[in-house]
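Tertiary structure, described
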Amino acid sequence: CRSEQHAVSSSALSTAQMLPLQEGCILHLIIERAIYSVTLDTLYQIFSRFGPVAKIVTFNKNSEFQGFVQYVDQLSAMAALNSLNNQNVYSGCCTLRLSDTKMKDLDVKSNSDKARDYTKEPPQYMRSTPRLDNIPIFSPIQNPAAIQGCNTRP
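Not measured: the values here are computed from a predicted model.

Our focus in this paragraph is helix H3 (residues 74-84). Taken together, the buried positions of H3 are Gln74, Ser76, Ala77, Ala80, Leu81 and Leu84. Seen from one end, H3 has its buried residues packed into an arc of 160 degrees, which puts them on one side. Looking at the packing, one finds that the buried side of H3 touches strand S1 (26-32), helix H2 (40-47), strand S3 (64-71) and strand S5 (93-100). With a side-chain oxygen positioned 3.3 Å from the backbone nitrogen of Leu75, the residue opening H3 is Asp73. Immediately downstream of H3, the backbone of Asn86 shows phi near 70 degrees, a positive value.

Take the packing of aromatic side chains next. Under the criterion given, the structure shown has three aromatic pairs. Ring geometry for Tyr36 versus Tyr90: centroids 5.8 Å apart, planes at 85 degrees, classification edge-to-face. One end of the pair, Tyr36, is in the loop between S1 and H2; the other, Tyr90, is in strand S4 (residues 88-90), with 54 residues separating them in the sequence. Judged by centre distance (5.8 Å) and plane angle (35 degrees), the rings of Phe59 and Phe68 are tilted.

The strand order S4-S5-S1-S3-S2-S6 describes an open sheet built from six strands, whose pairing is antiparallel. For this open sheet the edge positions go to S4 and strand S6 (115-117), each flanked by a neighbour on one side alone. Pairwise comparison of adjacent strand axes, ignoring direction, gives a mean angle of 25 degrees for this sheet. Pairing analysis gives eight bridges linking strand S2 (residues 53-61) to S3, with the strands arranged antiparallel. Across the sheet, residue Phe59 finds its bridge partner in S3, namely Gln66. Along the sheet, H2 makes contact with S1, S2, S3, S4, S5 and S6, crossing S2 at roughly 130 degrees. Contacting S1, S3 and S5, H3 runs over the sheet at an angle of about 140 degrees to S5.

Conventions and cut-offs
Residues numbered from 1 in each chain as written. Predicted model: local features only at pLDDT ≥ 70, side-chain atom pairs only at ≥ 80, totals over all residues. Heavy atoms only, no water. Buried < 20%, exposed > 50% of the residue type's maximum accessible area, 1.4 Å probe, protein only. Helix = DSSP H or I, 4+ residues; strand = E, 2+ residues; numbered from the N terminus. Arc of directions from axis to C-beta. Contact = heavy atoms within 4.5 Å. Polar contact = N/O pair within 3.5 Å; in protein donor to acceptor, adjacent residues only side chain to side chain. Phe/Tyr/Trp six-rings, centres within 6.5 Å; stacked < 30°, edge-to-face > 60°. Pairing = 2+ DSSP bridges. Axes fitted to C-alpha atoms, helices over the stretch in contact; angles between N-to-C directions.

In structure tokens, the structure reads:
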């Protein structure tokens, strides 16, 4: 990205769904030393720390894991580029090599494990809701003094 815009101050997902996309907000990424797999949700969690992510596309080319991350605004893209370039996704491996692009928009025909349009569908980890029937229910302790080491002074 080559120009500055005002920072967007809302949650990444809701902002990505509300704002029109600006041009020049797409970063190219290469993951070097990809010992472990890196999912779209992992990339989303990493990149959304710097602003609203609109789309992510990943692919393998020349035996390298590559992709594009499209932000809603240019300031977020520049912040991510400056902060994440040459950083590891996992300790000691999966190094991010980032560069800006002149691309105007990523075309995600349908969401999959390789590409996702977050302006239309939230990330996987945000779609799952905890089941209340799995939460353990504890009964109150009838006699706290019965627990060894419990201080029961009023």
